[in-house]
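Given next are the chains, with one letter for each unit.
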Amino acid sequence: MQLSNNDELIHVMDTSTNVWSTIKDIADSGLQEDPFCVCDVSDIIKKHEEWIVKLPRIQPFYAVKCNDSLNVIRVLAALGTCFDCASEAEINKVLSVGVDPRHIIFAHPAKPLSHIRHAAAVGVSLMTFDSECELHKIKNLFPTANLVIRIRCDAAVAKCYLGKKFGCNPEKDAPCLMTLAHSLGLEIVGVSFHVGSGCDDPPVYQKAIAAARKVFDHGLFLGFPMKLLDIGGGFPGHKGCSIDRIAEVVNNALEEFFPDCGTQVIAEPGRFYVASAYTLAANVYSKRELRNEKDGSITSVMYYINDGVYGTFNFILYEPAEVRPIPLKVASPFSGFPTPVVYTVIDEQGWTLLKNKHPMTETHFVIGNKPANLPLGTGSDIINGRATF
Ligand SMILES: Cc1ncc(COP(=O)(O)O)c(C=O)c1O
């Protein structure tokens, strides 16, 4: 999805307003016919607090691919997360806000040569692999990298399965790849997996952590300094969902298979952090009634909105999803389909927490989220980004 990034400031809401009243105010102003998103930073803060309570042993490396907005990256950096980057561009974006390269994992197991060179140049040394080809590329371009072998363990139910593309077989392929890495003089420091995005099969984490333990032990046997377990993503993040069951399975499995606190455990949550923070408002610009041919009664009504599968709703094309519209007001005619701008808001409590936490400063905020304070209309400075719902 493309999001317009014409308003980088985070608007501090006073106690009489909230996300919903902000959306209503913008719609009522009549100045914003184009679709827009409101990003609620306070929601991201709550998610982080939830993570710390429920998964206390696991350092989150936010998966930037899920939503690469600078505000999201800055806020998460200020809260203390690290980052999972999948490309040179994502690495640059995260570094641009002042994140230490040692707080990044380059978690794409199949990397273009130039991206590996770039990682070496900027000091992002932690990276995943799952094939011989990747090991040879890394040997040539970044032989001192700290490697994490990605194994495959698929959830029975997920919104987006990743195992067909990434992850080696932990029993058959992993030992051979590790032997090859050893003979090339490379250093493996950990094991990773991703059970599938939007995982609805909590017990799979137990299976995956058990499989990772075996690979970990094989690495120790070969003499590698194994010290990192990366449990990937898969944590749901939409409104009303819970990570309780996954957290219970993960915490128990860590106690069983990695009781040694000397092993650093990380994860790559993406949608968990941002899915519920974003709300889209689109304009209904036309409608059509469908009638029963026999008696002429209305059987259904079709509404046309100025956003779709080539914009914010593109996720519908590749994962099962249900979108529930909430009517705001009667729409006005509209003739274009621009990409949605994002208005970012935060409550006063969140503002107090973040305003002086590196890399955030007071300059990233503006007091007030009334239409008069918001640059309404179509954004001019379009960036590539993705929002998840
Ligand atoms: C390597 C990797 N890490 C993390 C994520 C984020 O996953 P999720 O949004 O399910 O947490 C993805 C998603 O595609 C991924 O490919």
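Residues numbered from 1 in each chain as written. Predicted model: local features only at pLDDT ≥ 70, side-chain atom pairs only at ≥ 80, totals over all residues. Heavy atoms only, no water.

A.B. asks: Just checking my understanding: could you explain the nonpolar core for this structure?
C.D. replies: A general trend in soluble globular proteins is that nonpolar side chains are found buried together. Formed by 92 residues in total, the largest nonpolar core has its most connected members in Phe-83, Phe-193, Tyr-205, Ile-209, Ile-231, Phe-235 and Leu-354. In terms of domain composition, this core takes at least three residues from each of domain 1 (2-41 + 276-384) and domain 2 (42-274). Sequence-distant contacts of Phe-193, that is, excluding residues within four places in its chain, are made with Arg-150, Ile-151, Tyr-205, Ala-208, Ile-209, Ala-212, Leu-229, Asp-230, Ile-231 and Gly-232. Within the second largest apolar cluster, twelve residues are counted, among which are Met-13, Val-19, Phe-36 and Leu-376. (Core = buried A, V, L, I, M, F, W, Y, C linked by side-chain atoms within 4.5 Å. Buried < 20%, exposed > 50% of the residue type's maximum accessible area, 1.4 Å probe, protein only. Domains from an automatic or database assignment. Contact = heavy atoms within 4.5 Å.)

A.B. asks: Got a minute to help me understand the environment of Ile-188 in this structure?
C.D. replies: Along the chain, Ile-188 turns up in strand S10 (residues 187-193). Accessibility expressed as a relative area gives 0% for Ile-188, which makes it buried. In contact with Ile-188, other than residues within four places in its own chain, are Phe-129, Leu-147, Ile-149, Met-178, Ala-181, Phe-224, Pro-225 and Met-226. (Helix = DSSP H or I, 4+ residues; strand = E, 2+ residues; numbered from the N terminus.)

A.B. asks: Explain the site of the ligand here, please?
C.D. replies: Close contacts around the ligand come from 15 residues, with Ser-197, Gly-234, Glu-268, Gly-270 and Arg-271 the closest. Note that a nitrogen atom of the ligand is positioned 3.0 Å from one of the side-chain N or O atoms of Asp-84. The contact in question runs from an oxygen atom of the ligand to an N or O atom on the backbone of Gly-234, over 2.9 Å. Its residues assigned to classes, the shell around the ligand shows four nonpolar, six polar and five charged. (Near = heavy atom within 4 Å. Polar contact = N/O pair within 3.5 Å; in protein donor to acceptor, adjacent residues only side chain to side chain. Nonpolar A, V, L, I, M, F, W, Y, C, P; charged D, E, K, R; others polar.)

A.B. asks: Where do I start with the pairing of strand S17 (residues 341-346) in this structure?
C.D. replies: Side chains on a regular strand alternate between the two faces of the sheet. Burial of S17 is extensive: six of the six residues sit out of reach of the surface. Here S17 shows a buried face lined by Val-341, Tyr-343 and Val-345 and a second buried face lined by Val-342, Thr-344 and Ile-346. Bridge analysis of strand S2 (residues 10-12) against S17 gives three bridges, and the strand direction is parallel. Residue pairing across strands places Ile-10 opposite Thr-344, the latter belonging to S17. (Pairing = 2+ DSSP bridges.)

A.B. asks: What exactly am I supposed to notice about helix H8 (residues 204-222) here?
C.D. replies: Since the α-helix advances by 3.6 residues per turn, residues separated by three or four positions end up pointing in the same direction. Here H8 contains 19 residues, and its C-alpha end-to-end distance of 27 Å stays within 8% of the 27 Å for a straight helix at 1.5 Å per residue. For H8, the full list of buried residues reads Val-204, Tyr-205, Ala-208, Ile-209, Ala-211, Ala-212, Arg-213, Val-215, Phe-216 and Gly-219. The secondary structure elements touched by the buried residues of H8 are strand S8 (146-151), helix H7 (173-183), S10, strand S11 (197-199), strand S12 (228-230) and helix H9 (244-257). Just beyond H8, the residue with positive phi is Gly-223, at close to 95°. (Expected span 1.5 Å × (residues − 1).)

A.B. asks: Looking at this structure, I do not really get the confidence of the model for the chain. What am I missing?
C.D. replies: Low pLDDT marks regions whose predicted coordinates should not be analysed in detail. Residue-level pLDDT values for the chain average 91, and 92% of them are 70 or greater. Low pLDDT (under 50) marks residues 331-336, which in the prediction has twelve contacts with non-local residues, meaning those over four places away or in another chain. Note on residues 378-389: pLDDT is under 50 here. Beyond four places in sequence and across chains, it has 47 contacts. (pLDDT = per-residue confidence, 0-100.)

A.B. asks: Would you mind going over the pattern of salt bridges with me for this structure?
C.D. replies: Side chains that differ in charge, positive against negative, can pair when their charged atoms come close. All chains considered together, the criterion is met by 14 salt bridges. Where Lys-137 meets Glu-134, a salt bridge forms, and the shortest distance between an N and an O atom there is 2.8 Å. In this pair, Lys-137 and Glu-134 both sit in helix H6 (residues 132-141), three residues apart, roughly one turn of the helix. The residues Lys-137 and Glu-134 share a single accessibility class, namely buried. A salt bridge links Arg-152 to Asp-154; the shortest N-O distance between them is 2.7 Å. Taking relative accessible area as the criterion, Arg-152 reaches 37% and is therefore assigned partly exposed. Of the residues examined, Asp-154 reaches a relative accessible area of 25% and is grouped as partly exposed. Linked by salt bridges that have partners in common, Glu-50, Lys-54 and Asp-244 make up one network. (Salt bridge = Lys/Arg side-chain N within 4 Å of Asp/Glu carboxyl O.)

A.B. asks: Mind showing me how you'd approach the environment of Ile-26 here?
C.D. replies: The residue Ile-26 is located in helix H1 (residues 19-29) in this model. Remark: the alpha-carbon pair of Ile-26 and Asp-130, spanning 104 residues in sequence, is separated by 48 Å. With sequence-adjacent residues up to four places away left out, Ile-26 is seen in contact with Gln-32, Phe-36, Tyr-343, Pro-371, Leu-374 and Leu-376.

A.B. asks: What am I meant to see in the domain arrangement of the chain here?
C.D. replies: A common measure of how large an interface is: the accessible area buried when the components associate. Its domain assignment divides the chain into domain 1 (2-41 + 276-384) and domain 2 (42-274). Averaged C-alpha coordinates put domain 1 and domain 2 at centres separated by 32 Å. The partner domain 2 presents 26 residues to the 28 residues of domain 1 that form the contact. Carbon and sulfur atoms supply 50% of the area buried between domain 1 and domain 2, which totals about 2,100 Å² over both sides. Our count for the domain 1 to domain 2 interface comes out at two salt bridges. Between Arg-271 and Glu-319 there is a salt bridge whose closest N-O contact spans 3.0 Å. Counting across the domain 1 and domain 2 interface gives 18 residue pairs in polar contact (both at pLDDT 80 or more). At the level of secondary structure, the elements contributing two or more residues to the side of domain 1 that touches domain 2 comprise strand S3 (36-40), strand S14 (278-281), S17, helix H11 (348-354) and strand S19 (382-384). (Buried area = accessible area lost by both parts, 1.4 Å probe.)

A.B. asks: Looking at this structure, how should I read the packing of helix H2 (residues 41-54) against helix H3 (residues 70-79)?
C.D. replies: In a packed pair of helices, the relevant descriptors are the angle between the two axes and the axis-to-axis distance. The N-to-C vectors of H2 and H3 enclose an angle of 35°; their axes lie 11 Å apart at closest approach. Our pair here, H2 against H3, has a crossing hand that is right-handed. Here H2 contributes Val-41, Ile-44, Ile-45 and His-48 to the contact with H3, which in turn contributes Val-72, Val-75, Leu-76 and Leu-79. Looking at the contact of H2 with H3 residue by residue, the classes come out as seven nonpolar, one polar and no charged. (Axes fitted to C-alpha atoms, helices over the stretch in contact; angles between N-to-C directions. Left-handed = near helix turned anticlockwise from the far one by under 90°.)

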